[in-house]
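Results of the structural survey
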Amino acid sequence: MDKQRSSPPSWATRFLAWFLKEDYYEDVQGDLEEEFQLKAQGLNIARAKQWYAWQIIRLFKPSMIKEIEAQNSIEKETTMFKNYFKIGLRNLWKYKSSTVINIIGLSTGIAAFVLIALFVKDEVSYDRHHEYAEDIYRVTVKNYTNDGDMSRQWAFASAGHATRLKDDYSEITHATRFFPWAFPDIQYKEQEFLSEQVVFCDPDAFDIFTFEFIEGSAETAFPDIYSLVLTRSKAVKIFGTDWQEQGIIGETVTLSRDGNEAPFKVTGVMEDMPDQQHFHFDYLAPIRFVEMIFGEDAASNVGGNYNWLTYIRTNSGSNIPNLTKDVNDGFWDKYMGQFSSGREARDFYDFEFQPLLDIHLTSNLEGEFETNGSLEQIYIFSVIGILLLLVACVNYMNIATSHYSRRMKEVGVRKVIGAFKSSLVKQFLSESLLVVLVSIPLAIILIILALPYLNEFVEKELIFNPFIQTDLLLGLIILMILVSSMAGLYPALFLSKINLVQALKGEQSMNAGKWNFRSFLVTFQYIVTIGLIFAIGVIESQMSFIRNSDPGFDREQMVSLSLPRGDYSNETLRNELLKHPNIEKAAFSSRIPTGRLMDNWGSRFFKGDSAISTNFRLPVVTVDKYFLDAYGIDLLAGENFREGMETNLQDDTVVTGYYVINNAATVALGFNDPNEIVGKKLGYGPSEGRIIGVMEDFHFEALYNPIVPTLFLVRDGYRRVSLKLNLENIRESLDHIENVYAQFDAETDPNYRFVDDLFNEQYQQEERLGSMIKVFAAIAILIGCLGLIGMVGFIIETKIKEIGVRKVLGASSGNIWIIISNRFLVLIVIAFLLGLPLAYWFMNDWLENFVYRTSVSVVLIVMPVIIAVILTLLAIAYQTLRATRVNPIECLKDE
């Protein structure tokens, strides 16, 4: 008989071995094999195999399979873990001081990490609520010099870009423009609301962005050019809290600005725009109204008047790089062709389609509608958050391993009675998990206590509620597992690998004097500490640079307030204000320095009778003849405004125009000497006139931005009055201002602001960044110091006999302090060499956000090392003092 043919099916035998209890396997398999051979002797091998397989299948039942043993194993493991936790609790209680330090470190680190994570999550969530967010792009325009270098990039496009892009390129399904109308007043019956935010847009805006309507709909939003959609909060403000019961659709409000007014009908109410959006409007109206005012030429302009925030929506999955190339290859040739110089327009302009989801954190273009966030800040805070968590874990590792000598005998006894390395690892991991389980609730309490302050500080409404935020709850669970693993794994492996003989003898020489992983941990803590101290120094230096920089205008003791409502002459108001001897100067303007330069019309420069359109953005500020003197701005050439130099418009036709420009505009127009441009002719919007003077450049906007060409003219439409006070009795001066204001407008508050405060508010984001880094850096340094103390304690414990011998031989506490310090000073030098370049790279990237910035001085570089050395020496001095007080006999008695 063929031996192979008489063998039972191998798969059945393997299956039997897999599931059958080990105690039964040999007997059962032997009996089945014997019976199989008997049945196979009758040459019916196939039936014998079937019988063999069937018998094995019949055995596959709960009482026979190993799963029951697996359950026993689970029960056994559960019992063991209960034992681990019980022993862990005893050890944590036994070493109370270390336990408290670990819990403080971990709970503080976890709380700081979660707070930073909430902030970062909010920042990266901007604009994601729009349904088509992935397919929305902002159209920006790059401008190049004659040499081909990019000179600027506008967040705005020209009025004619949106329609032409949509018509010419099939990938673009929708396009809209937003045209902000600078703060008109709104009147409803007898109520007047000053300086509201009205934006005009194309109907496609409702197909591109997700605006949730409460009343009306996107389809009925703009039935004619006098339609108005407002937000819920504005509906409450104008019509009261019962606006929905009133049925405000169809109500008429009047928009007015610069003496012009128009009635608009309410056609819809939408929810307030969420905070996580890079633009915010209170009112939306049809852009056809603006086109009617500007005229057909301005509304179709494709090569200037960059004042139209333009967005497109593309087909899903469109290849945007290819689309951008196609547009740049064809658009400028088709619609602009050549300049009079013979150069191709496409040599000077490029479109860039900026993804909507990138705008908030990555865009800082000229003409941004709102101040955006900073990706650098997100990186900085993310790194700080992760470092805080790592430092807290490293702190636990250092302190846990510093107590290894106390637990060596415990480990030895466990090994003698049969404990495996894996069971020891589980025990020590259980202890770290216990510490984390205690730390998490404390961290949650810290988060709840700190979150209101953080919200107030960053001006957000961050929410922390794991009971309703399932993603947050899941994150906390993952964080708990991650932290307990990170913190506990190294001590567990370290303690479990202790040699049995060494453990039972209580030897304390396990690599104590060598450079090992613990040295790496301490170096890591020094890198973090040095990096954070350097970051604080750089931020403080930059903020000091800003605070002490000369913006080019006088901001000391300057007060600015909105003009009172009502009919009066500015000269009357000015005279009344100046009656008080402490008010030295008064000037009217449409905007004041520290504001934004939003208004912009296309400009033309005349060479003889030829008008050449300028290729740069030229914002305008309306001022009176006292403005330059009030703000202490000098003229470089020409003269200031005089009586009779008002720019008067009659039916949109200019009669006269006189302009003062800043020196940046002089340079942009191609003149190096300001005196040469005085008297030249300039067209601005619908007006034309002469340049009568050139003023010194000053920082109208924040120091993030370069000084842009700006035009100043005298015309009605002032919105603010600026007052120069002397230093005597400021309160009395302010009382006079309030009294005079009340004479002209008794119903509203003057709401004055010091220009100095407005100047500082421009840099709140950086102030917040600096303050937050200080707080989190202080936490990191505190946790690091705790770890350092633990590490020094560990070193001293391992060197206690050496210290005893040295004391017997006459060494002083100072000698011992120096011996121990040397090792840490070397680690500080290593950390300095590794950490400072990283920190410098991060902070230099942050400084790049400022056009005007400080330099990194030697003091900023050396200071972190000095502080790290001082903290280290203090920590070592404390531990050394404790060690040297021990009687040498106690140290050497084992010998």
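Scroll up to find the structure.
As a starting point, this report considers the structure included with it. Model, not experiment: these values are computed from the prediction.

Next up on the list: the overall build of the protein. Of regular secondary structure, the protein possesses 30 helices and 27 strands. When burial is assessed residue by residue, the protein has 51% of its 895 residues classed as buried. In the protein, the proportion of contacts linking residues at least 24 apart, taken out of those at least 6 apart, comes to 80%. Roughly 41800 Å² of accessible area belongs to the protein as shown, and the carbon and sulfur atoms make up 55% of that amount.

A cluster of nonpolar residues, Val858, Val862, Ile866, Ile870 and Leu874, forms a patch on the protein surface that exposes about 460 Å² of accessible area. If you trace the backbone, valine 862 turns up in helix H29 (residues 858–884). The exposure class of valine 862 is partly exposed, given its relative accessible area of 36%.

Looking at chain direction, strand E16 (residues 603–607) and strand E23 (residues 681–684) are connected through three bridges and run antiparallel. Its bridge partner being in E23, serine 603 is matched across the sheet by tyrosine 684. Relative to strand E17 (residues 610–613), E16 runs antiparallel, the two sharing four bridges. Its bridge partner lying in E17, lysine 607 is registered against serine 610.

A few words now on the sheet that holds strand E14 (residues 558–562). In any sheet, the strands associate via hydrogen bonds between backbone groups, in a parallel or an antiparallel arrangement. One open sheet accounts for four strands, arranged E15-E26-E14-E27; its pairing is antiparallel. Whereas interior strands pair on both sides, the edge strands pair on one side only; in this sheet they are strand E15 (583–589) and strand E27 (753–754). Of the strand pairs in this sheet, E14 and E27 are connected by two bridges, and their pairing is antiparallel. Across the sheet, valine 559 pairs through a bridge with phenylalanine 754, a residue of E27. Here helix H20 (residues 570–577) sits on the sheet in contact with E15 and strand E26 (720–725), set at roughly 160° to E15. Strands in contact with helix H24 (residues 730–744) are E14, E15, E26 and E27; relative to E26, the strand with the most contacts, it is inclined by about 150°.

Okay, the environment of serine 855 next. Structurally, serine 855 can be placed in the loop between helix H28 (813–847) and H29. Residue classification places serine 855 among the exposed positions, given a relative accessible area of 55%. Along the backbone, serine 855 and serine 541 are 314 residues apart, and their C-alpha atoms lie at a distance of 8.5 Å. Beyond its immediate sequence surroundings of up to four residues, serine 855 is in contact with Ser541 and Leu860.

With that settled, the discussion passes to helix H1 (residues 10–19). Every buried residue of H1 is accounted for by Ala12, Thr13, Leu16 and Phe19. Along H1, the residues classed as buried sweep out an arc of 145° about the axis, all on the same side. Facing away from the buried side of H1, by more than 90 degrees, are the exposed residues Arg14 and Trp18. In this structure, the buried residues of H1 make contact with helix H2 (22–40) and helix H3 (45–59).

Cut-offs applied
- Residues numbered from 1 in each chain as written.
- Predicted model: local features only at pLDDT ≥ 70, side-chain atom pairs only at ≥ 80, totals over all residues.
- Heavy atoms only, no water.
- Helix = DSSP H or I, 4+ residues; strand = E, 2+ residues; numbered from the N terminus.
- Buried < 20%, exposed > 50% of the residue type's maximum accessible area, 1.4 Å probe, protein only.
- Contact = heavy atoms within 4.5 Å.
- Areas by Shrake-Rupley, 256 points an atom, 1.4 Å probe, with all protein chains shown as cover.
- Patch = residues over 30% accessible without salt bridge, like charges linked within 9 Å, V, L, I, M, F, W, Y side chains within 5 Å.
- Salt bridge = Lys/Arg side-chain N within 4 Å of Asp/Glu carboxyl O.
- Pairing = 2+ DSSP bridges.
- Axes fitted to C-alpha atoms, helices over the stretch in contact; angles between N-to-C directions.
- Arc of directions from axis to C-beta.

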